[in-house]
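# Observations on chain architecture
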Amino acid sequence: MNVLILGGSSFIGYHLTNALRDKNIEPMVVDIRKPLLDVKYAVIDLQTITPDSLLFRGVDVVYHLAWTTLPKTSNENPIYDVTSNLTMTLRILDACIRNGVKKVVFISSGGTVYGIPKNVPIKETHPTNPICSYGITKLIAEKYLQMYYHIHGLEYIVFRPSNPFGEYQNPSGIQGAVTVFLGNIAADKPITIWGDGTVIRDYFYIADLADAMVKALDYQPAKDSQRIFNVGSGRGISLNALLDIISDITGYNPKVEYSEGRVIDVPENVLDITLISDRLGWKPETDLMAGIEKTWLWVNKYLRAVY
């Protein structure tokens, strides 16, 4: 099977590549920067992809992980969010059609496409009313996948992950509370929390997301079957409770600075994962504490290498 990972030099792409290799599949990674792994790759700005791109020739499955914005940054420039991500996605889908790609696996956002939940845990049938541009463009990309399937027969699977964390997520970044909190502790920096720390999220270990994405290769849905799946732990925890667990694991009591809450943050987001369990036979294998312990070991090793 020939697999192409677009945006494969990312945090998720790194773990997906390893998970595919465990199944004896050697993917081709395409991104704007060279991947960390020794793998076949091409350094290309994916916004320049054209339908006749040779990268897609002979490819069976395309994983679309590429995105230019984050939930926080998308509202700062919604025009850029739309013009960069949606145009890129349409060019990718056109290239898939032109080259006979069989399936596209798209990483959407379980944390943003639903907006403020009416009930928790959130099922895939929950209304989608995103309150940030990132969630809107991810949702529109999902709709285009549905359209291309209807018109061209291009098979697709959409994953809506909650909050994955783990090794190779940037501990100095602006996304990923678990890894960023651990990075701040290791660097002896205060932790900033937007709001009062009662915001509830669904955190799960990155290897479990990669496992779900690999399972998509064998999933053959019937014409009217489900193609959109939540992926998460199915359990929620507040930021304050998360900090308590992190303190117990690391042995540190970090300084915490609380700031005014952000309008892009919904008060609670916990995903119902019943559907993916039933259809793909997937469930998270790594509990929160074990995942944090693994990430803490990596963060310390990473910071020693950097500094």
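Below is a summary of the structure that appears in this document. (Residues numbered from 1 in each chain as written. Predicted model: local features only at pLDDT ≥ 70, side-chain atom pairs only at ≥ 80, totals over all residues. Heavy atoms only, no water.)

Before going further, it helps to spend a moment on the packing of helix H1 (residues 11-22) against helix H6 (residues 206-215). Packing of H1 against H6 leaves a shortest axis separation of 9 Å and a crossing angle of 60°. On the basis of their axis angle, the class for H1 and H6 is oblique. Helix-helix and strand crossings are classified by hand; for H1 and H6 the assignment is right-handed. Every residue of H6 that contacts H1 at Phe11, Ile12, His15, Leu16, Ala19 and Leu20 is listed here: Ile206, Leu209, Ala210, Met213 and Val214. Residues of the contact of H1 with H6, tallied by class, amount to 10 nonpolar, one polar and no charged. (Axes fitted to C-alpha atoms, helices over the stretch in contact; angles between N-to-C directions. Helix = DSSP H or I, 4+ residues; strand = E, 2+ residues; numbered from the N terminus. Parallel < 35°, antiparallel > 145°, perpendicular 65-115°, else oblique. Left-handed = near helix turned anticlockwise from the far one by under 90°. Contact = heavy atoms within 4.5 Å. Nonpolar A, V, L, I, M, F, W, Y, C, P; charged D, E, K, R; others polar.)

The side-chain alternation of strand E4 (residues 61-64) yields two buried faces, one formed by Val61 and Tyr63 and the other by Val62 and His64. Both strand E1 (residues 3-6) and E4 contribute to a ladder of four bridges, which runs parallel. Bridge pairing in E4 places Ile5 opposite Tyr63. As defined by bridge partners, E4 adjoins strand E5 (residues 103-107) across four bridges and the pair is classed as parallel. If you follow His64 over to E5, its bridge partner there is Phe106. (Buried < 20%, exposed > 50% of the residue type's maximum accessible area, 1.4 Å probe, protein only. Pairing = 2+ DSSP bridges.)

Attention now moves to the packing of aromatic side chains. Summed over all chains, the structure comprises eight aromatic pairs. A centroid spacing of 5.8 Å and a plane angle of 55° characterise the contact between Trp67 and Phe106, whose relative ring orientation is tilted. Of this pair, Trp67 sits in the loop between E4 and helix H2 (71-74) while Phe106 sits in strand E5, placing them 39 residues apart in sequence. Of the residues examined, Trp67 reaches a relative accessible area of 15% and is grouped as buried. (Phe/Tyr/Trp six-rings, centres within 6.5 Å; stacked < 30°, edge-to-face > 60°.)

The linkage connecting Val120 with the following residue, Pro121, adopts the cis geometry, with an omega of 0°. By the secondary structure assignment, Pro121 is in the loop between E5 and helix H4 (133-152). Phi angles above zero are rare outside glycine, and Tyr168 is one such case at about 75°. With respect to the helices and strands, Tyr168 occurs in the loop between strand E7 (163-165) and helix H5 (177-186).

Taking 1.5 Å of rise per residue, the 20 residues of H4 would be expected to cover 28 Å, and the 28 Å separating its terminal C-alpha atoms lies within 8% of that figure. Along H4, the residues that are buried comprise Ser133, Tyr134, Gly135, Thr137, Lys138, Leu139, Ala141, Glu142, Leu145 and Tyr148. Buried residues along H4 sit in contact with H2, helix H3 (78-99), E5, strand E6 (155-161) and strand E11 (228-231). Two residues or fewer after H4 comes Gly153, characterised by a positive phi angle close to 80°. (Expected span 1.5 Å × (residues − 1).)

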